[in-house]
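Tertiary structure, described
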Amino acid sequence: MEKIFITGCCGYIGSHTCVELLNAGYEIIGLDNFSNSKPIVLDKIKEITGKDIKFYEGDMLDKELLNKIFIENEIDCVIDFAAFKSVGDSVSKPIEYYINNVSSVLTLLETMKNNKVKKLIFSSSATVYGTPEKVPITEDCRIGGTTNPYGTSKLYVEGILQDLYKSDNEWDICIFRYFNPVGAHPSGLIGEDPNGVPANLMPYIAKVATKELEYLSVFGADYDTPDGTGVRDYIHIVDLAKAHVKGVEKLLKESNGLFIYNLGTGKGYSVLDMINAFEKVNSVKVPYKITARRAGDIAKCYADSSLASKELNWCATLTLEDMCKDAYNYARKEIVNEKN
Ligand code: NAD
Ligand code: UD1
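Residues numbered from 1 in each chain as written. Chains lettered and ligands numbered in written order. Predicted model: local features only at pLDDT ≥ 70, side-chain atom pairs only at ≥ 80, totals over all residues. Heavy atoms only, no water.

Bringing the layout of surface pockets into the picture now. Each pocket or cavity is described by its volume, and for the second largest pocket that value is around 150 Å³. Surrounding the second largest pocket, 15 residues form its lining, Gly264, Thr265, Lys267, Ala316 and Leu318 being those nearest its centre. Of all the secondary structure elements, the ones that give two or more residues to the lining of the second largest pocket are helix H10 (306-312) and helix H11 (320-339). By residue class, the composition of the lining of the second largest pocket is eight nonpolar, six polar and one charged. (1 Å grid on protein atoms, 1.4 Å probe; cavity = no way out; pocket = protein on both sides within 12 Å on 5 of 7 lines; lining within 4 Å. Points joined across faces, edges and corners; volume = space filled by probe spheres on them. Helix = DSSP H or I, 4+ residues; strand = E, 2+ residues; numbered from the N terminus. Nonpolar A, V, L, I, M, F, W, Y, C, P; charged D, E, K, R; others polar.)

Here it is in structure tokens:
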């Protein structure tokens, strides 16, 4: 079976993708420096799938290590998840963000080129659309106008990949623009576990529901949306992970192309929709207060994912209820784990 090299394999999206690829029969070679994850994730992946991945602990900026990984393994395709992802931190630490999110990709690409591996899936984000020119957003919408170094780092890498493909069209590159991944594996063994107070909506709601945080601040109720709160395209992490299996299948059989796909459900839900769904599905209270808008936020952002559906034969099937149920299940299990 083909061998897939996954950078950032122990993180939120990486771990769920490892599970889906192992279940689909692929062999995985993984790299992570645990800057935002824990080694125990490797045991959890094994517990879910019954399979091991071949793991290397280290940094994607480490050229020698990367080269060793390519020499020791006959890699067919690479998925690059390794990056920093906190919007707030990126504003205060731009140099660290550009090094980790852009320079590291150059190191990876150079090593891939030297080892004649030219198939790559890259994790980009809906953030590259800045303030979207329309919703639902299609892949040909204007990109740019990002408001923070995190978003700009994704934009830069997309540009680098375009230039690379232009220079040598033997590459097969798939850029996935994720919308808002949420939830957890239904086993509750892996999920999203941000350090400190969560910046994103779903993990914050989960911590309010488990009473680790007192209430949710709803950032603005005066947007031009049906209930005034921000509208986003939340996608279950397992659906998102499955898209990577389809992406790998495409790159392994297709030759020569640069493909860009939005990964979302195509449905927009408001902050109040999310609170209501979470309360109803889990029979819990999520106290909240309406506060001021958060700087840099936009009113509406949701995907037109029909291109991924057409070309990858993929579409999201899990519901908002599944997202809320699995997020809460994971959050409660985490509390038990932390106590033990
Ligand atoms: P995450 O932080 O949970 O996972 C990233 C993993 O990469 C972590 O395990 C971290 O330890 C590792 N890592 C970071 N820098 C590294 C380096 N230099 N060398 C080796 N390992 C390194 O993040 P995630 O949510 O799984 O996101 C994965 C990718 O998807 C990132 O590129 C992120 O920017 C992108 N993305 C995420 C979201 C989201 O909402 N989660 C949305 C859009 C795009
Ligand atoms: C944010 C990032 C985006 C990144 C994405 C990753 C910003 C401006 N954008 O997107 O670059 O790719 O996370 O998942 O940070 N909300 C509240 N209260 C909270 C938290 C959020 O009301 O405590 C609201 C927000 O105003 C927004 C919605 O919930 O309307 C979703 O927010 P969030 O989960 O942070 O995602 P994005 O802002 O879409």
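This next bit is on the sheet that holds strand E4 (residues 77-80). Spatially, seven strands are ordered E3-E2-E1-E4-E5-E6-E11 in an open sheet, and the strand pairing comes out parallel. The strands lining the two open edges of the sheet, one partner per strand, are strand E3 (54-57) and strand E11 (257-263). When the angles between neighbouring strand axes are averaged without regard to direction, this sheet yields 15°. In the sheet, strand E1 (residues 3-7) pairs with strand E2 (residues 27-32) via five bridges, with the strands oriented parallel. Considered in E2, the bridge of Phe5 is made with Ile29. (Pairing = 2+ DSSP bridges. Axes fitted to C-alpha atoms, helices over the stretch in contact; angles between N-to-C directions.)

The subject of this paragraph is the packing of helix H7 (residues 201-209) against helix H9 (residues 271-282). H9 packs onto H7 with a crossing angle of 40° between their chain directions and a minimal axis gap of 11 Å. Classified by the interaxial angle, the pair formed by H7 and H9 is oblique. The chirality of how H7 crosses H9 is right-handed. From H7, Leu201, Met202, Ile205, Ala206 and Ala209 reach across to H9, where they touch Val271, Met274, Ile275 and Phe278. (Parallel < 35°, antiparallel > 145°, perpendicular 65-115°, else oblique. Left-handed = near helix turned anticlockwise from the far one by under 90°. Contact = heavy atoms within 4.5 Å.)

A complete count under the given rule lists zero disulfides for this structure. A disulfide-free cysteine, Cys324 has its sulfur positioned 18 Å from the sulfur of Cys301, the nearest such atom. (Disulfide = S-S within 2.5 Å.)

A word on the site of ligand 2. With respect to spatial proximity, 18 residues lie near ligand 2, and among them Leu201, Ser217, Arg232, Arg294 and Asp297 are the closest. Between ligand 2 and the protein, one listed contact pairs an oxygen atom with a side-chain N or O atom of Thr127 at 3.3 Å. Protein chains shield 88% of the accessible area of ligand 2, which is 730 Å² for the free molecule. Considering every element that reaches the shell around ligand 2, the biggest residue donor is strand E8 (residues 216-219), with four residues. Its residues assigned to classes, the shell around ligand 2 shows nine nonpolar, six polar and three charged. (Near = heavy atom within 4 Å. Polar contact = N/O pair within 3.5 Å; in protein donor to acceptor, adjacent residues only side chain to side chain. Areas by Shrake-Rupley, 256 points an atom, 1.4 Å probe, with all protein chains shown as cover.)

Moving on to the nonpolar core. With 38 residues, the main nonpolar core has Ile4, Ile6, Leu21, Ile79, Phe176, Val248 and Leu263 as its most contacted residues. Where this core is concerned, the elements lending two or more residues are E1, helix H1 (12-23), helix H2 (40-49), E4, strand E6 (172-178), helix H8 (237-253), E11 and H10. Broken down by element, the residue count for this core peaks at seven residues, all from H8. Excluding residues that lie within four positions of it along the chain, Ile79 makes contacts with Ile4, Phe5, Ile6, Thr7, Thr17, Leu21, Ile121, His244 and Val248. In terms of nonpolar packing, the next biggest core, distinct from the first, is built from 28 residues, Met60, Ile75, Val117 and Leu120 among them. (Core = buried A, V, L, I, M, F, W, Y, C linked by side-chain atoms within 4.5 Å. Buried < 20%, exposed > 50% of the residue type's maximum accessible area, 1.4 Å probe, protein only.)

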